[in-house]
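Examination of the molecular architecture
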Amino acid sequence: MARTRSYSPFKWISRIGKAITVRQRLFLLSGLAVTFTLAIATVGIIGLNNVSQRINDLPILSRVTRLQLEAEIEHREVRSGVLRSYQVALRGNTTGIASRATSLNAVLGQIRDHGKAYQEAIAEILTVEGGAAQLKEVKLAISELAPLVDEYLTKADAAARAISENAPGLQSKLPAFDESASDLELYWAGISDVVQDAENEI
């Protein structure tokens, strides 16, 4: 009965080790050491690049976050300005200004100023350059929001004017403005989530 031969990988390695010279062994070990060192260096460089990119992304995303918060503040200022003009129209002058008309004009001016700051904050977000891929998602969400902000400010101005002029259409303009304000606040809440996700991924 024929005996089966067993092939062990360790025997092959042992034979190869005996077949090569000491000098060849040294060259082989040196080659392995160099390869291992290069592999570690490559991993380190990739890691450093990732860390460096994240460090560069943080100030950009922080700027976007600040502008987003500023825009939300201006949104609330516009809404409160319209409500304040309504209160002035109902109760008369409450700000120490001589006449009701002067007081309403002052509130209208504040609404326009906050509306301008609102649009400027959004425009600045859209011009921010660089940053991580997550920033593109934030800018896309803001760009979709921008037309709604313009519509909101138009309704705010129309409502405030109707209040100051005691226009017959006042009762229809106020609910439309308030609905627009509420819808925008829901959009801003969604954008806040997008920004927060971007910050968590960096």
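Residues numbered from 1 in each chain as written. Predicted model: local features only at pLDDT ≥ 70, side-chain atom pairs only at ≥ 80, totals over all residues. Heavy atoms only, no water.

Some remarks on the overall build of the protein chain
Counting its secondary structure elements, the protein chain contains five helices and zero strands. When the helices and strands of the protein chain are listed from N to C terminus, the series reads α-α-α-α-α. Residues counted as buried form 28% of the 202 residues belonging to the protein chain. Of all intrachain contacts in the protein chain linking residues separated by at least 6 positions in sequence, the fraction that spans at least 24 positions is 76%. Counting only carbon and sulfur atoms, one obtains 60% of the accessible surface of the protein chain, whose full area is about 13300 Å². (Helix = DSSP H or I, 4+ residues; strand = E, 2+ residues; numbered from the N terminus. Buried < 20%, exposed > 50% of the residue type's maximum accessible area, 1.4 Å probe, protein only. Contact = heavy atoms within 4.5 Å. Areas by Shrake-Rupley, 256 points an atom, 1.4 Å probe, with all protein chains shown as cover.)

Thoughts on the pattern of salt bridges
In this structure the tally under the stated criterion is seven salt bridges. A salt bridge links Glu124 to Arg63; the nearest nitrogen and oxygen atoms lie 3.1 Å apart. Here the residue Glu124 occupies a position in helix H3 (residues 100-127), and Arg63 occupies one in helix H2 (residues 22-91), the gap between them amounting to 61 residues. Classification of Arg63 by relative accessible area gives partly exposed; the value is 33%. The partner of Asp157 in a salt bridge is Arg112, and the shortest N-O contact between them spans 3.5 Å. Taken together, the residues span a long stretch of sequence, with Asp157 in helix H4 (residues 133-165) and Arg112 in helix H3 at a distance of 45 residues. (Salt bridge = Lys/Arg side-chain N within 4 Å of Asp/Glu carboxyl O.)

Overview of the side chain of Arg79
Along the chain, the position of Arg79 falls in helix H2. Looking at Arg79, the relative accessible area reads 15%, which means it is buried. Among the polar contacts listed, one links the side chain of Arg79 to the side chain of Asp178, at a separation of 2.7 Å. A polar contact is formed between the side chain of Arg79 and the side chain of Ser182, at a distance of 3.3 Å. (Polar contact = N/O pair within 3.5 Å; in protein donor to acceptor, adjacent residues only side chain to side chain.)

Section: the environment of Lys136
Residue placement: Lys136 occurs in helix H4. Looking at Lys136, the relative accessible area reads 64%, which means it is exposed. Each C-alpha atom of the pair Lys136 and Leu126 lies 9.5 Å from the other, and the pair is 10 residues apart in sequence.

Notes on the nonpolar core
Formed by 38 residues in total, the largest nonpolar core has its most connected members in Val82, Tyr118, Ile122, Tyr152 and Trp188. Taken together, the elements giving at least two residues each to this core come down to H2, H3, H4 and helix H5 (170-201). Here this core takes 13 residues from H4, the largest share from any one element. If we skip the residues at most four places from it in the chain, Val82 touches Ile111, Ala156, Ala159, Ile163, Leu174 and Phe177. (Core = buried A, V, L, I, M, F, W, Y, C linked by side-chain atoms within 4.5 Å.)

Quick notes on the confidence of the model for the protein chain
Summarising the model, the protein chain shows a mean pLDDT of 74, and 65% of its residues fall at 70 or more. Averaged over each element, pLDDT in the protein chain is lowest for helix H1 (residues 9-19) (55) and highest for H3 (86). (pLDDT = per-residue confidence, 0-100.)

Examining the packing of aromatic side chains
Inspection of every chain in the model, using the stated rule, returns three aromatic pairs. Ring plane angle 15° and centroid distance 5.4 Å describe the contact between Tyr152 and Phe177, whose orientation is recorded as stacked. Taken together, the residues span a long stretch of sequence, with Tyr152 in helix H4 and Phe177 in helix H5 at a distance of 25 residues. Across the pair, Phe177 and Tyr152 agree in class, each one buried. These aromatic residues form a ring-pair network of at least three members: Tyr118, Tyr152, Phe177 and Trp188. (Phe/Tyr/Trp six-rings, centres within 6.5 Å; stacked < 30°, edge-to-face > 60°.)

Topic: the side chain of Glu74
Structurally, Glu74 is set in helix H2. Buried charge Glu74 goes without a salt bridge, the closest partner of opposite sign being Arg84 at 9.8 Å. Look past the residues within four positions of Glu74 in its chain and what remains in contact with it is His114, Ala117 and Tyr118. (Lys, Arg positive; Asp, Glu negative; His and termini not counted.)

Comments concerning the environment of Val82
Relative to the helices and strands, Val82 resides in helix H2. Measuring from C-alpha to C-alpha, the distance between Val82 and Gln110 comes to 9.7 Å, with 28 residues separating the pair along the chain.

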